[in-house]
Amino acid sequence: MPPVSRSPAGRHFPSRPHSRNAVPPDGKENRPPSPWPEPSPLLSPLSQEARRLLETLARALADVRPLRTAHRKALPRDIADLSRLLTVDRAELHHPYWGSPGLASAYLHYFLPWNIVRLARLLSALPLPDPRRWLDRGLSPLLLDAGSGPLTVPLALWLARPEWRSLPLHVLALDTASLPLDLGRLLQAWAGLSGRPSAWTVTTARGPLEHLPRHAARLLRERGEDGPSSVWLVSAANVLNELYGKGQDHEAAAAVDDAADDEGEGAATAGRLPGVLDALAPLLWEGPEGDDAPLPAALFVEPGTRLGGKTVMRLRTLALEGGLSVSAPCPHDGTCPLLADRRRGWCHFTFDSDGAPGWLRALSEQAGLAKSSLSLAPLLLTPGDRTVARPSDGVRVLSAPFRVPGVRGEARYACAARGLLLLERAEDLPSGALLRAEIPADAAVDAKSGALVLPAPAGRPAGRPTRRPTTGKDGPQDGRRPAAERQARPSRRREASRDEQDDAPRRNAPDRMRLAGGRGRTGKPGAPFQKGR
C-alpha cells in the first residue's frame with residue numbers, strides 16, 4: 001500500500017510514489033522549443049487591474065459584513081470547520097451553514113473570494129456572447145444566475161470583463177437562502193471602491209433552480225429604459241453537484257455516479273439533473289429573433305472534483321440529446337471520450353493560483369488551506385444550429401504533462417472529435433488550451449489508455465524519447481508502482497479530489513488521469529487524472 005500523508009484536517013491522502021520517470025520540478029531546463037502553434041487559452045491570467053481590484057475586495061467585504069473581534073479571531077478556525085463540513089464531513093451538513101454567523105463569515109471571506117479568482121480566469125477567455133449586440137438591437141441584456149449565493153458569478157464577471165462594467169445589464173439572482181442574496185450588495189460596494197459604480201441592476205429572488213423561468217418571466221414582460229428585457233446569459237456555478245441531496249457526501253454521490261456508469265445509464269438519469277436542464281434550456285430560446293440575432297448561452301461551472309466533473313459530463317450528454325450545442329470547452333458535439341468504454345476519468349482543467357490577493361493567501365495559510373493550484377469543470381451551451389459543421393481539427397488539452405515510454409518529450413491527454421488523444425512534446429501546453437491539428441488516419445493507439453497518439457508537428461528539433469521500460473532489482477523503472485502497491489490501491493475516499501469552493505487541507509498533488517477501468521500508473525497513461533491544488 002502506498003504511503004499515506006495526513007492533512008491538518010485529519011483526512012488521509014495517498015502520497016505520490018517515487019518514479020524514475022517523474023518530471024523534474026523545474027521541468028523546463030534544457031527543454032527544446034515547443035513544436036505546437038500558439039493555442040487559444042481556456043483560462044487567461046488575471047490582468048493587473050483585476051489583481052489590484054482583488055486586493056480591495058477585503059475592504060468591500062468588511063463594509064458589507066463587518067466582523068466582530070471574536071469572529072475575526074475565529075475566522076481561520078471557522079474556515080477550516082466549514083471546509084470539513086463541505087467535504088469529508090458533508091454527510092453531517094443537515095442545515096444551511098448560512099444560519100451560523102461564523103460559518104457564513106467563513107464562506108464570505110474565504111470561499112467566495114477563491115471562487116471569484118477561479119471564475120474570473122475562466123470568464124475572461126470564455127467565448128461568451130457580447131451583451132452589446134443586445135443593446136444594439138434596443139434590448140436590455142438579462143443575466144439569469146441560478147444558485148447565485150452572494151452573486152458569485154456576477155462578481156466574477158464584473159471583474160473579468162471590464163468592457164461590460166458600464167453597460168446597463170440586468171441581473172436576476174436566484175437562491176434558496178435569503179442571507180447570501182442580501183450580501184450580494186457587495187457588487188455595488190466593490191464597484192464603488194474602483195471609482196466607477198456599477199451600472200448593473202440586480203433583482204433577487206428565492207427559490208430552487210427549476211423556478212428560474214418563472215421568476216424570469218416577469219422581467220421578460222417588462223420594458224425598461226433600455227428596451228424590453230431579453231435573455232443574454234443563463235448561469236449556474238457550484239450548484240449541480242449539490243443536487244444529490246442534503247446530507248450526502250461526495251463519496252456517496254460519486255458512488256451513485258459510478259453505479260449508473262456500470263449499468264450503462266449514467267448519473268444524469270438520477271436526481272434532479274434532467275429536470276433542471278428541462279427547466280433552464282427553454283430560456284435559451286427567449287433571445288432576440290431574426291436570422292442575424294445573437295444567441296443566448298447557458299454557462300455551468302462545477303468544481304474540478306470527480307463528482308463535479310462527471311456531473312458536467314452527464315449534463316453535456318443531456319444537452320446534446322435535447323438539441324443544444326456545446327460552445328466550450330468541448331471542440332466537438334460528439335460523444336465524450338471520457339464517457340466511452342466506462343472510463344473513470346472526468347473532464348476538468350487545472351491551473352495555478354497566480355493573481356490571488358495577498359490577504360487571501362495569508363488567510364488561507366492561517367486556516368491550513370494554502371493553495372498552489374485551482375481547478376474547475378465548465379460547460380457553455382448555446383441553441384446554435386447543429387446542422388452547421390464545426391471545425392474537425394479542434395483539440396482541447398486536458399491533463400498535466402507526464403512521461404510515456406517511447407513518446408518524445410512529455411505527453412498530455414487531449415480531447416478531439418475522434419476521441420481521446422495523447423499529445424507528444426506537449427509540456428508547454430497549458431491545461432485547457434485549444435489547438436488546431438490534423439490527426440493522421442493511421443495514428444498509433446496507446447495500449448494502456450486507448451488514446452490516439454498525436455505526433456508533434458514537424459519543423460522543430462525533437463526532444464529525446466523517454467527511456468523504454470526496464471526492470472531491475474529494484475522493480476519496474478518505467479514510472480509504474482510496484483505490483484504490490486498497484487494491487488493495494490487506496491480507497492475511493494482517500495483518492496477522491498475535493499471541491500475548490502469547499503476544499504479541506506491537503507498536500508499538493510499532481511494532475512493525473514485515471515483511465516481504462518482505473519488502473520493507476522504514475523507518470524504514464526492510465527494513471528489517475530486528479531486535480532492539483
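Look a little higher up for the structure.
This section reports on the structure supplied with the text.

For the peptide bond that leads from A328 to P329, omega is 0°, which places it in the cis range. The phi dihedral of L151 is positive, around 65°, even though this residue is not glycine. Positive phi outside glycine occurs at N238, with the angle close to 55°. Within the secondary structure layout, N238 lies in the loop between β7 (227-237) and α9 (250-262).

As a packed pair, helix α2 (residues 69-85) and helix α3 (residues 101-123) sit with axes 8 Å apart at the nearest point and diverge in direction by 85°. Overall, the two elements α2 and α3 adopt an arrangement that is roughly perpendicular. For the pair α2 and α3, the contacting residues are H71, L75, D78, I79, D81, L82, S83 and L85 in the first and P101, G102, L103, S105, A106, Y107, H109, Y110 and F111 in the second. Looking at the contact of α2 with α3 residue by residue, the class counts come to 10 nonpolar, five polar and two charged.

Attention shifts here to the side chain of S431. Secondary-structure assignment places S431 in the loop between β14 (419-423) and β15 (434-436). Looking at S431, its side chain comes within polar contact range of the main-chain nitrogen of T350, at 3.3 Å. Among the polar contacts made by the side chain of S431, one reaches the main-chain carbonyl oxygen of L398 at a distance of 3.2 Å.

Note on placement: G275 falls in helix α10 (residues 273-280). On the basis of relative accessible area, G275 is assigned to the partly exposed category, the value being 35%. Taking the C-alpha atoms as reference, G275 lies 7.3 Å from E210; in sequence the two are 65 residues apart.

Next up on the list: the pattern of salt bridges. In this structure the tally under the stated criterion is 10 salt bridges. A salt bridge links E49 to R165, with the shortest nitrogen-to-oxygen separation between them at 2.9 Å. Of the two residues, E49 sits in helix α1 (residues 48-64) while R165 sits in the loop between α5 (152-160) and β4 (170-175), which places them 116 residues apart along the sequence. On the accessibility criterion, E49 (31% relative accessible area) is partly exposed. R185 is the salt-bridge partner of D182, the closest N and O atoms lying 2.9 Å from each other.

Looking now at the nonpolar core. The biggest cluster of nonpolar side chains holds 91 residues, and the ones touching the most others in it are I116 and W190. Among the elements that make up this core, the one with the highest residue count is α3 (15 residues). Setting aside chain neighbours within four positions, we find I116 in contact with L54, L57, T152, L155, A156, L159 and W190. If you look at the next biggest cluster of nonpolar residues, it comprises 35 residues, including V231, V239, L315 and A377.

Cut-offs used in this document
The residue numbers shown here count from 1 along each chain, following its written sequence. Under the rules for a predicted model, residues below a pLDDT of 70 receive no local features and side-chain atom pairs below 80 are neither given nor counted, while totals for whole chains, interfaces and linings still include all residues. In computing side-chain values, all of the structure's heavy atoms are included and hydrogens and water are not. Helix and strand assignments follow DSSP, with helices taken as H or I runs no shorter than four residues and strands as E runs no shorter than two, numbered in order from the N terminus. Comment: axis = line fitted to C-alpha atoms, over the contacting stretch for helices; angle = value between 0 and 180 degrees taken between N-to-C directions. Angles are sorted into four bins: roughly parallel if under 35 degrees, roughly antiparallel if over 145, roughly perpendicular if 65 to 115, and oblique for all others. Here, two residues are considered to be in contact whenever any of their heavy atoms come within 4.5 Å of each other. Amino acid classes used here: Ala, Val, Leu, Ile, Met, Phe, Trp, Tyr, Cys and Pro are nonpolar; Asp, Glu, Lys and Arg are charged; the rest, including Gly, are polar. Nitrogen and oxygen atoms within 3.5 Å of one another constitute a polar contact, given that in protein one can donate a hydrogen and the other can accept it, and given that sequence-neighbouring residues count only through two side-chain atoms. Only protein chains enter the calculation, and the probe is 1.4 Å; a residue is then buried if its accessible area is under 20% of its type maximum, exposed if over 50%, and partly exposed in between. What makes a salt bridge here is a side-chain nitrogen of Lys or Arg within 4 Å of a carboxyl oxygen of Asp or Glu, nothing more. Buried Ala, Val, Leu, Ile, Met, Phe, Trp, Tyr and Cys residues that are joined via side-chain atoms within 4.5 Å together make up what is termed a nonpolar core.

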